[in-house]
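Residue-level structural notes
This is what each chain is made of:
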Amino acid sequence: MRLIQLSDTHVSARHGMFGANVAATEAWLRQNTPELIVQTGDLAMDGAGDPADLDAAAAWHAGLGVPVRAVPGNHDVGDTAAIKPTQTVDDARLAAWRGRFGQDWWAEDRGGWRLIGLDAMLLGTGHAEEERQFAWLAATLDTDAPVAVFLHKPLFIDQADEGPRGYWTVTPTPRRRLLDLFAGARVRLIASGHLHIYRDAVFDGIRHVWGPSAAFVCGDSQEPELGGSRRLGLVEHVFSADSVESRFIRPDGLVDHTIEPHLDVLYPRPDRT
Ligand SMILES: [Fe+2]
Ligand SMILES: [Fe+2]
């Protein structure tokens, strides 16, 4: 079973500066069609602030002609009040997502594997849906199949018991809960987006793959490269009986845009972050 992890396309109804990269990604997907695309979040540029961006992202993904499973990113549904007080996850933003992309957490059995998508943006919010997702996850991990998990934010950068990493990762309390749940199942892969950095590393027997953005990388407004590399592309995951091979791919025609020259247009102050 072969799937493509696509991430951080940041499709916009109003801003076209990264549109050529998304088009190059689409061209590659049409020539190398997978049986499934899993999108690990930030489908839209500012879906949390402008439903037109969610519409544009939904239209682009639907037009690929391949089944797509997606989990939301902070640019799609917002973040915690501590990280993004002007765009917190709330009922309206969740409804806007679900109306276009379906439930923000999901499971699908394919090729002998259980694929699980999680809404990382609920984690640490205290929204009632956070506990609902945890209860669902505990039940969904009750399987003999190997499991691959997809979510927007990585669980951690350097080690599972590290402290808060601010904007960049799941916070320590929900991270611990997730890892404790995963420890009781055959979780083999955790694939995330958000950092716009590609990395492939194994911690405690679980492969953690950071999917790159298909649109732009971050420059000096971000932390250092965090042990990965800032490059644009996508990831191919090929699943066999109990293991997965993951491979970085860079479609032809991508241009290495950085976000910094566009920050004032895309995220006018004080909405920066
Ligand atoms: Fe992103
Ligand atoms: Fe993100």
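Note that the structure is predicted; figures quoted are calculated from it, not measured.

Remarks on the overall build of the protein chain
Per the secondary structure count, the protein chain includes 7 helices and 11 strands. On C-alpha atoms alone, the protein chain measures out to a radius of gyration of 17 Å, which is about the 19 Å that the 2.2 N^0.38 rule sets for 273 residues. By its C-alpha atoms, the protein chain is 45 × 40 × 35 Å across when sized along the principal axes. Going through the 273 residues of the protein chain one by one, you find that 41% of them count as buried. When contacts within the protein chain are restricted to residue pairs at least 6 apart in sequence, those whose partners lie at least 24 apart make up 70%.

Section: the sheet that holds strand S4 (residues 106–110)
Here we have 6 strands laid out as an open sheet, ordered S4-S5-S6-S7-S9-S8, and mixed in their pairing. Of all strands in the sheet, those with a lone pairing partner are S4 and strand S8 (199–203), marking the two edges. Going across the sheet, the axis of each strand differs from the next one's by a mean of 20°, ignoring polarity. The pairing of S4 with strand S5 (residues 113–117) spans 5 bridges and is classified as antiparallel.

Some remarks on helix H6 (residues 172–183)
The end-to-end C-alpha separation of H6 is 16 Å, in line with the 16 Å expected for 12 residues at 1.5 Å each. Among all positions of H6, only Arg175, Leu178 and Phe182 are buried. For H6, the angular spread of buried residues about the axis comes to 65°, placing them on one side. The exposed residues of H6 that point more than 90 degrees off its buried face are Thr173, Asp180 and Ala183. Buried residues in H6 make contact with strand S7 (187–192).

Considerations on the sheet that holds strand S1 (residues 2–6)
Reading across from one edge, S3-S2-S1-S10-S11 is the order of the 5 strands in this open sheet, with mixed pairing throughout. The open sheet is flanked by strand S3 (68–70) and strand S11 (244–249), the only strands paired with a single partner. For this sheet, the mean inter-axis angle between neighbouring strands, taken without regard to orientation, is 25°. Note that S1 and strand S10 (residues 234–239) share 4 bridges and pair antiparallel. Paired with Leu3 across the two strands is His237, which belongs to S10.

Quick look at the nonpolar core
Counting 60 residues, the largest nonpolar core has Ala148 and Val149 as the members making the most contacts within it. Ignoring any residue separated from it by four or fewer positions in sequence, one finds Val149 in contact with Ile116, Leu118, Val187, Leu189 and Ile190.

Some points on the pairing of S11
Where S10 and S11 come together, 6 bridges link them in antiparallel fashion. Following the sheet pairing, Val238 is matched in S11 by Glu245. If you look at the hairpin formed by S10 and S11, you'll find 4 residues sitting between the two strands.

Describing helix H4 (residues 91–101)
By the burial criterion, the buried members of H4 are Arg93, Leu94, Trp97, Arg100 and Phe101. Viewed along the axis of H4, the buried residues span an arc of 140°, placing them on a single side of the element. Residues Asp91, Ala92, Ala95 and Gly99 are exposed on H4 and point more than 90 degrees away from its buried face. Those residues of H4 hidden inside the fold are in contact with helix H2 (51–62), S3, helix H3 (74–77) and helix H5 (128–140).

Quick notes on the environment of Leu266
Along the chain, Leu266 falls in helix H7 (residues 263–266). Dropping the residues within four chain positions of it, Leu266 is found in contact with His15 and Met45.

Description of unusual backbone geometry
For His10, which is not glycine, the phi torsion reads 50° and is therefore positive. Examined against the element boundaries, His10 turns out to sit in the loop between S1 and helix H1 (19–31). The backbone of His196 shows a phi angle near 60°, a positive value even though the residue is not glycine. Position of His196 relative to the elements: it lies in the loop between S7 and S8.

Definitions and limits used
Residues numbered from 1 in each chain as written. Chains lettered and ligands numbered in written order. Predicted model: local features only at pLDDT ≥ 70, side-chain atom pairs only at ≥ 80, totals over all residues. Helix = DSSP H or I, 4+ residues; strand = E, 2+ residues; numbered from the N terminus. Rg over C-alpha atoms; globule rule 2.2 N^0.38 Å. Buried ≥ 20, exposed ≤ 12 C-beta atoms within 10 Å, placed from the backbone. Contact = placed C-beta atoms within 7 Å. Pairing = 2+ DSSP bridges. Axes fitted to C-alpha atoms, helices over the stretch in contact; angles between N-to-C directions. Expected span 1.5 Å × (residues − 1). Arc of directions from axis to C-beta. Core = buried A, V, L, I, M, F, W, Y, C linked by C-beta atoms within 7 Å.

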